[in-house]
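These are the residues of each chain, in order.
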Amino acid sequence: MSNSTYPKAKSLLFVSSIKPENFKPGFESEADAIILDIEDSVPKDRKDEGKTNILNFCKQNSQYKFFVRINDAQSPFFEDDMKFLKELGLEKLHGVMLAKTEQKEHVEAVNVALEKIPLLLLIESAIGVQNINITASQPNVKQLAFGAFDMILDLGLRDGDGKDFMLNYVRTQIALSSRINNLLAPINRVFPNTRDESRLKANMELAYSMGFGGSLTFYPNQLSIINTIFAQGNNQIEWAKEVIQLSKLHKGEPFSFEGNVIDLPMIKKAQGILERKY
């Protein structure tokens, strides 16, 4: 699969595979990318049903590409997931989201089964954080994402400042590992409150300021806010392009642009933005 098929998505919308009535509305929503889920949103006794729903949908809607969130490599469902993806056809996928990524061997298991499929690793546990630079450096890994719900359970976090501190520490590790391993900007956690727009905005603004490039969500009504906040990254890229172009015209001399003095440090900032494509 060509690397060019992997999207730089601001918003990634989970759609449960046992809710086929939500497949097409998901693809027609504001989401930049869809993740059809056969993991946590699907009970153990309905895994096959979810996979059948995806296969049937794709037979009638071949125009869509998407991610699939698969069960973790230690799950009893993992081998069946690999068989399912081969039956589905990897050309239909942007990539595979690997749940509960903790060990190098977890990533290797997908690479052995599927070879060159792009991987989006979900970091959801203390062990996952401890080994993040090992897993992030494996072949075919394109991006990291923060799975906060399982992380909260794994760490035994309780509501309060301490919980926020710990979650932001995890975000920091994900952002640092993404940069160290030259991956795309990481993806923020699902924000669980569907009604509190001010807290949603604050959460997304925080993630954006930490270098995250987008966010997961289960909720279509959050997409507009998520897209707006993470579109600032696109605005930065356009700003950087203009700065570099103007710096060539000014032959390295300081100049004024949008009310700011553009000197060598600002030019280096623009170069860094374009090199990383964040």
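That block above? That's the structure.
These numbers come from a predicted model, not from an experiment.

**Student:** Explain the overall build of the protein to me, please; I cannot follow it from the model alone.
**Tutor:** Of the regular secondary structure elements, the protein holds 12 helices and 10 strands. Relative to a compact globule of 278 residues, whose C-alpha radius of gyration would be 19 Å, the protein shows 20 Å and is just as compact. Reported as C-alpha extents along the three principal axes, the dimensions of the protein are approximately 65 × 45 × 40 Å. In the protein, which comprises 278 residues, the proportion classed as buried is 51%. Once local pairs closer than 6 in sequence are excluded, the contacts in the protein between residues at least 24 apart make up 68%. Taken together, the 33 basic and 35 acidic charged side chains of the protein have centroids lying 4 Å from each other.

**Student:** How do you make sense of the pattern of salt bridges when you look at a structure like this?
**Tutor:** Where charged atoms of side chains with opposite charge meet at close range, the side chains can pair. Taken as a whole, this structure holds 12 salt bridges when the rule is applied. One salt bridge in this structure joins Lys10 and Asp32, with 3.0 Å as the shortest N-O distance. Here Asp32 lies in the loop between helix 1 (23–27) and strand 2 (33–37) and Lys10 lies in the segment before strand 1 (11–16), a separation of 22 residues in the sequence. Arg46 is the salt-bridge partner of Glu49, the closest N and O atoms lying 2.7 Å from each other.

**Student:** Sorry if this is basic, but what is going on with the environment of Asn260 here?
**Tutor:** For Asn260, the position within the fold is in strand 10 (residues 260–262). Using a relative accessible area of 42% as the deciding quantity, one classes Asn260 as partly exposed. Along the primary structure Asn260 and Phe27 are separated by 233 residues, whereas in three dimensions their C-alpha atoms are 41 Å apart.

**Student:** Help me understand the pairing of strand 5 (residues 119–123) in this model?
**Tutor:** Note on strand geometry: in a regular strand, side chains alternate between the two faces of the sheet. Counting buried positions along strand 5 gives 5 out of 5 residues, so the element sits mostly inside the fold. Of the two faces of strand 5, both are covered, the one formed by Leu119, Leu121 and Ile123 as well as the one formed by Leu120 and Leu122. Two elements, strand 4 (residues 93–98) and strand 5, share 3 bridges in a ladder whose sense is parallel. The residue of strand 5 that forms the bridge with Val96 is Leu119. You can see the chain leave strand 4, run along helix 4 (residues 104–114) and come back into strand 5, and the turn it takes is right-handed. Of the strand pairs in this sheet, strand 5 and strand 6 (residues 141–146) are connected by 5 bridges, and their pairing is parallel. When the sheet's bridge partners are listed, Ile123 is paired in strand 6 with Phe146.

**Student:** Just checking my understanding: could you explain the layout of surface pockets for this structure?
**Tutor:** Each pocket or cavity is described by its volume, and for the second largest pocket that value is around 360 Å³. Forming the boundary of the second largest pocket are 15 residues, of which Asp164, Arg189, Phe191, Arg199 and Asn203 lie nearest the centre. Those elements giving two or more residues to the lining of the second largest pocket turn out to be helix 8 (161–180) and helix 9 (197–209). In terms of residue count, helix 8 provides more of the lining of the second largest pocket than any other element does, 5 residues in total.

**Student:** Mind showing me how you'd approach helix 9 here?
**Tutor:** A turn of α-helix holds 3.6 residues, and therefore any two residues three or four places apart point the same way. Taking 1.5 Å per residue as the helical rise, helix 9 with its 13 residues ought to reach 18 Å, and the 18 Å between its terminal C-alpha atoms agrees with that figure. Among the residues of helix 9, those classed as buried are Leu200, Asn203, Met204, Ala207 and Tyr208. The buried residues of helix 9 occupy an angular sector of 135° when projected down its axis, which confines them to one face. Turned more than 90 degrees from where helix 9 packs its buried face, Ser198 and Ser209 sit exposed. Summarising the contacts, the buried residues of helix 9 are in contact with helix 8, strand 7 (187–188), strand 8 (214–217), helix 10 (223–230) and helix 11 (232–249). At the C-terminal side of helix 9, Gly211 shows a positive phi close to 100°.

**Student:** Sorry, what's going on with the side chain of Asn71 here?
**Tutor:** As for its position among the elements, Asn71 is in the loop between strand 3 (66–70) and helix 3 (78–88). On the basis of relative accessible area, Asn71 is assigned to the buried category, the value being 5%. One polar contact links the side chain of Asn71 to the main-chain carbonyl oxygen of Ile38, over a distance of 3.1 Å. At 3.0 Å, the side chain of Asn71 forms a polar contact with the side chain of Lys47.

**Student:** Hey, could you run me through unusual backbone geometry in this one?
**Tutor:** Phi is mostly negative for residues that are not glycine, and the peptide bonds are mostly trans. The backbone phi angle of Asn182 is positive, close to 55°, even though this residue is not glycine. Mapping Asn182 onto the fold places it in the loop between helix 8 and strand 7. Even without glycine at this site, Glu258 takes up a positive phi of about 55°. Positionally, Glu258 belongs in the loop between strand 9 (255–257) and strand 10.

**Student:** So what exactly am I meant to see when it comes to a nonpolar patch on the surface here?
**Tutor:** Taken together, Leu155, Phe165 and Met166 make up a surface patch of nonpolar side chains, about 270 Å² in accessible area. Note that Leu155 resides in helix 7 (residues 148–155). When its relative accessible area of 31% is taken as the criterion, Leu155 is described as partly exposed.

Reading guide: rules and limits
Throughout, a residue's number is its position along its own chain's written sequence, starting from 1. Selection of residues for local features in this predicted model requires a pLDDT of at least 70, selection of side-chain atom pairs for listing and counting requires 80 or more, and totals for whole chains, interfaces and linings are taken over all residues. Calculated side-chain values reflect all of the structure's heavy atoms, with hydrogen atoms and water omitted. Secondary structure counts use DSSP, requiring at least four H or I residues in a row for a helix and at least two E residues in a row for a strand, with both numbered from the N terminus. Radius of gyration here uses only the C-alpha atoms, and the compact-globule reference equals 2.2 Å multiplied by the residue count raised to the power 0.38. Buried residues are those whose accessible area, probed at 1.4 Å on protein chains only, stays under 20% of the maximum for their type, while exposed residues exceed 50% and partly exposed ones sit between those limits. Working rule for contacts: check all heavy atoms of both residues, and any pair within 4.5 Å makes them a contact. Residues scored as charged are limited to Lys and Arg (positive) and Asp and Glu (negative), so that His and the chain ends carry no count. By convention, charge coordinates are those of NZ in Lys, CZ in Arg, CG in Asp, or CD in Glu. Salt bridges, as used here, are contacts in which a Lys or Arg side-chain nitrogen is within 4 Å of a carboxyl oxygen on Asp or Glu. DSSP calls a pair of strands paired once it identifies at least 2 bridges connecting them. Orient the strands so they point away from the viewer, and a crossover whose first-strand-to-second-strand path over the helix runs clockwise is right-handed. Points on a 1 Å grid, built from protein atoms alone, make a cavity when a 1.4 Å probe fits but cannot get out and make a pocket when they are open with protein on both sides within 12 Å along at least 5 of 7 lines; residues with an atom within 4 Å of a point are the lining residues. Grid points are joined across faces, edges and corners, and a volume is the space filled by probe spheres set on the points. A helix is expected to reach a length of 1.5 Å times the quantity of its residues less one. Note that the arc is computed from the directions linking the helix axis to the C-beta atoms. Definition of a polar contact: a pair of N or O atoms within 3.5 Å, with one able to donate and the other able to accept a hydrogen when the atoms are protein atoms, and with sequence-neighbouring residues admitted only if both atoms are side-chain atoms. Distance thresholds for patches are 9 Å for like charges and 5 Å for nonpolar side chains (Val, Leu, Ile, Met, Phe, Trp, Tyr), applied to residues having over 30% relative accessible area and no salt bridge. Reported accessibility uses the Shrake-Rupley method at a 1.4 Å probe radius. Residues are deemed covered only where the shown protein chains occlude them.

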